[in-house]
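Architecture and fold: a report
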Amino acid sequence: MEIRIESLNHIHEAARTFIKEIGSHRVFAFYATMGTGKTTFIKAVCEELGVAEVVTSPTFAIVNEYTAGEGEWAGEPIFHFDFYRIKKLEEVYDMGYEEYFYSGSLCFIEWPELIEDILPDDAVRVTITEQTDGSRILSYGF
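Summary of the structure given here.

The rules behind each value
Residues numbered from 1 in each chain as written. Predicted model: local features only at pLDDT ≥ 70, side-chain atom pairs only at ≥ 80, totals over all residues. Heavy atoms only, no water. Core = buried A, V, L, I, M, F, W, Y, C linked by side-chain atoms within 4.5 Å. Buried < 20%, exposed > 50% of the residue type's maximum accessible area, 1.4 Å probe, protein only. Helix = DSSP H or I, 4+ residues; strand = E, 2+ residues; numbered from the N terminus. Contact = heavy atoms within 4.5 Å. Salt bridge = Lys/Arg side-chain N within 4 Å of Asp/Glu carboxyl O. Axes fitted to C-alpha atoms, helices over the stretch in contact; angles between N-to-C directions. Parallel < 35°, antiparallel > 145°, perpendicular 65-115°, else oblique. Left-handed = near helix turned anticlockwise from the far one by under 90°. Nonpolar A, V, L, I, M, F, W, Y, C, P; charged D, E, K, R; others polar.

**With respect to the nonpolar core**
Core analysis: the biggest nonpolar cluster contains 30 residues, and Phe18, Phe28, Phe30, Phe41, Ile78, Phe108 and Leu138 have the highest contact counts within it. Ranked by size, the runner-up nonpolar core spans 19 residues in total, among them Leu89, Val92, Phe101 and Trp111.

**Points about the environment of Ile86**
Relative to the assigned elements, Ile86 resides in the loop between strand 4 (77–82) and helix 3 (89–94). Among the residues examined, Ile86 registers a relative accessible area of 9% and is labelled buried. Residues Ile86 and Phe60, 26 residues apart in the sequence, show an inter-C-alpha distance of 9.8 Å. In contact with Ile86, other than residues within four places in its own chain, are Ile62, Glu91, Val92 and Leu114.

**Things to note about the pattern of salt bridges**
By the definition in use, this model includes six salt bridges. Glu48 is paired through a salt bridge with Arg16; the nearest N and O atoms lie 3.3 Å apart. Taken together, the residues Glu48 in helix 2 (residues 38–48) and Arg16 in helix 1 (residues 11–21) connect sequence positions 32 residues apart. The class of Glu48 is partly exposed, set by a relative accessible area of 24%.

**Thoughts on the packing of helix 1 against helix 2**
Interhelical geometry of helix 1 versus helix 2 gives an angle of 70° and a closest axis separation of 8 Å. With respect to helix 2, the element helix 1 is oriented roughly perpendicular. Relative to helix 2, the crossing made by helix 1 is right-handed. Packed against helix 1, whose contacting residues are Ile11, His12, Ala14, Ala15, Arg16, Phe18 and Ile19, the element helix 2 presents Thr40, Phe41, Ala44, Val45, Glu47 and Glu48 at the interface. Of the residues in the contact of helix 1 with helix 2, the class split is eight nonpolar, two polar and three charged.

Below is the structure:
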């Protein structure tokens, strides 16, 4: 599946489309180069799910927890990971990643390349690519 994001003005529309297609999937691994919009898109998804907290990159915290405020996820935790600064997989083991990934809560993962070996088998791989015109293509399959 693909969603084209023409510009930042259309990111919330793309986030709503993405949310409609989530279905029973809970773990989403976002692949993209630096500056392509992983955090920006995850922020838009969280905002569309009614998260009241400020959504920021968890680069230094590794994981941020938010609470959904709308839809079927109202009151449920949402976990946002950024593994960019992980040096060893043991760091992820030490943080108790299984409690997050297998919790049934939504998990959005930036820089999953660094933890490929421990991603759940059913994790949805989402690729964001920047086009020459500045738009983005979000590609994923269930």
